[in-house]
Amino acid sequence: MSDDTNSKIKGKALRDFNDAGTSASFVKDQSYNFEPGAFANYKAAGLVEPDEAPAQDAPRKAGSKPA
Amino acid sequence: MPGTAAGTTLALSAGKPATFDVAGFAALTYTEVGGLDKIGTFGAKPGKVEFQPLKGVKQKYKGPVDSGALAPSMAHDEADAGQNLLRTAADDQQGEYSARVTYPDGAIRYFTCRVFGYDEAAEGAENMLMGSTTIEIISVIVKKAAA
């Protein structure tokens with residue numbers, strides 16, 4: 001199974017919610033990588049917003065200063 | 001093969017199909033509406049145009065086709081993504097949404113729609129808090145047969 005996060009959209013859950021079709025659950029203020037179509041539906045429903053924060057698992061160079 | 005409606009699902013998409021055929025609708029991503037207890041009856045039906053000649057029986061013709069509406073009801077759930085999309089669509093004055101009804105045998109019905117309101121019903125202590133709405137179909141109903 002591939003983990004192609006490039007085609008996904010990083011978004012933040014605005015509140016706890018569940019998807020009955022996929023059985024997925026989402027927790028308020030947590031970030032997730034969404035399929036674009038699912039993100040569009042959740043965003044339209046007011047459940048998510050784009051998460052502009054840098055990924056926490058992004059590699060950092062030792063000694064580099066934050067931008 | 002005849003069977004019960006158990007397992008039938010209703011799902012919505014905020015997107016619209018590029019083409020009004022199975023391929024166009026199937027390319028969209030849908031979010032299932034949870035907690036449904038029924039979807040209701042729906043289907044395209046032509047209006048009736050009547051003409052009563054001075055002599056003879058009344059003539060009846062087929063008029064414009066109305067694709068009908070669904071009247072689903074559900075156990076109200078604030079945390080269900082599909083229900084939230086349904087309620088957003090109800091508040092959206094002009095927005096068009098795509099819908100997918102999937103039957104237990106795999107047959108699918110696709111259409112675009114507008115959602116007219118969302119009623120909440122607190123009928124009594126021995127009843128679930130329910131929600132209901134009317135989904136008016138505004139396109140042809142695209143049918144995909146069971147595999």
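This text goes with the structure placed above it.
Scoring rules and cut-offs
- Residues numbered from 1 in each chain as written.
- Chains lettered and ligands numbered in written order.
- Predicted model: local features only at pLDDT ≥ 70, side-chain atom pairs only at ≥ 80, totals over all residues.
- Heavy atoms only, no water.
- Helix = DSSP H or I, 4+ residues; strand = E, 2+ residues; numbered from the N terminus.
- Buried < 20%, exposed > 50% of the residue type's maximum accessible area, 1.4 Å probe, protein only.
- Contact = heavy atoms within 4.5 Å.
- Areas by Shrake-Rupley, 256 points an atom, 1.4 Å probe, with all protein chains shown as cover.
- Buried area = accessible area lost by both parts, 1.4 Å probe.
- Salt bridge = Lys/Arg side-chain N within 4 Å of Asp/Glu carboxyl O.
- Polar contact = N/O pair within 3.5 Å; in protein donor to acceptor, adjacent residues only side chain to side chain.
- Nonpolar A, V, L, I, M, F, W, Y, C, P; charged D, E, K, R; others polar.
- Pairing = 2+ DSSP bridges.
- Axes fitted to C-alpha atoms, helices over the stretch in contact; angles between N-to-C directions.
- Phe/Tyr/Trp six-rings, centres within 6.5 Å; stacked < 30°, edge-to-face > 60°.
- Lys NZ or Arg CZ within 6 Å of the ring centre and 35° of its normal.

Colleague: Help me get a handle on the overall build of chain A, residues and values and all.
Modeller: The helix and strand inventory of chain A stands at one helix and five strands. Listing every helix and strand of chain A by position from the N terminus yields β-β-β-β-α-β. The 67 residues of chain A split such that 21% are buried. Partitioning the contacts of chain A with sequence separation of at least 6, the portion at a separation of at least 24 is 43%. Summed over its atoms, the accessible surface of chain A is roughly 4,900 Å², and 49% of this surface lies on carbon and sulfur atoms.

Colleague: Pulling in residues and values, what's your account of the interface of chain A and chain B?
Modeller: The interface of chain A with chain B comprises 15 residues on the first partner and 16 residues on the second. Both sides of the chain A and chain B interface together cover about 1,100 Å² of buried area, and 51% of this is carbon and sulfur. If you look at where chain A meets chain B, you find zero salt bridges. At the boundary of chain A with chain B, the tally comes to eight residue pairs in polar contact (both at pLDDT 80 or more). Those elements that place two or more of their residues in the side of chain A that touches chain B are β2 (17-19) and α1 (36-44) of chain A. Top contributing element to the side of chain A that touches chain B by residue count: α1(A), with six residues. In terms of residue class, the side of chain A that touches chain B is built from eight nonpolar, four polar and three charged.

Colleague: Requested: an account of the sheet that holds strand β1 (residues 9-13) of chain A, with residues and values cited.
Modeller: All names here are of chain A. The three strands lie next to each other as β4-β1-β5, forming an open sheet whose pairing is antiparallel. Lying at the two open borders of the sheet, with one neighbouring strand each, are β4 (31-34) and β5 (48-50). Going from strand to strand, the sheet's axes swing by 45° on average, the running direction of each strand aside. The pairing of β1 with β4 spans four bridges and is antiparallel. For K10, the partnering residue across the bridge sits in β4 and is N33. Contacts from α1 reach β1, β4 and β5 within the one sheet, and its direction differs from that of β5 by about 120°.

Colleague: Quick rundown of the environment of B:M128? Include the residues and the values.
Modeller: All names here are of chain B. The topology assignment puts M128 in the loop between β9 (108-121) and β10 (130-137). Taking the C-alpha atoms as reference points, M128 and L36, 92 residues apart in sequence, are found 12 Å from one another. In this view, M128 contacts A75 and A121; residues no more than four positions away in its chain are not counted.

Colleague: Report on the environment of B:F111, specifying residues and quantitative values.
Modeller: Residue and element names in this part refer to chain B. Within the fold, F111 resides in strand β9. Using a relative accessible area of 0% as the deciding quantity, one classes F111 as buried. Each C-alpha atom of the pair F111 and S67 lies 9.2 Å from the other, and the pair is 44 residues apart in sequence. The contacts of F111, once residues within four sequence positions are left out, are F25, F42, L70, Y97, S98, A99, V101, I135, I137, S139, V140 and I141.

Colleague: Please give an account of the packing of aromatic side chains that cites residues and values.
Modeller: Scanning the entire structure with this criterion turns up twelve aromatic pairs over all chains. With centroids separated by 5.0 Å and ring planes inclined at 70°, the aromatic side chains of A:F17 and A:Y42 adopt a geometry described as edge-to-face. Separated by 25 residues along the polypeptide, A:F17 in strand β2 and A:Y42 in helix α1 bring together distant segments of the chain. Judged by its relative accessible area of 1%, A:F17 falls in the buried class. Taken together, A:F17, A:F26, A:Y32, A:F34, A:F39 and A:Y42 form an aromatic cluster joined through their ring pairs. Looking at B:R87, its charged tip hangs above the ring of B:Y118, at a distance of 5.0 Å from the centre.

Colleague: If you had to explain the environment of B:A27 to someone new, which residues and values would you point to?
Modeller: Residue and element names in this part refer to chain B. Inspection of the secondary structure assignment puts A27 in the loop between α1 (22-26) and β2 (31-32). Assessed through its relative accessible area of 64%, A27 is described here as exposed. Along the backbone, A27 and K143 are 116 residues apart, and their C-alpha atoms lie at a distance of 15 Å.

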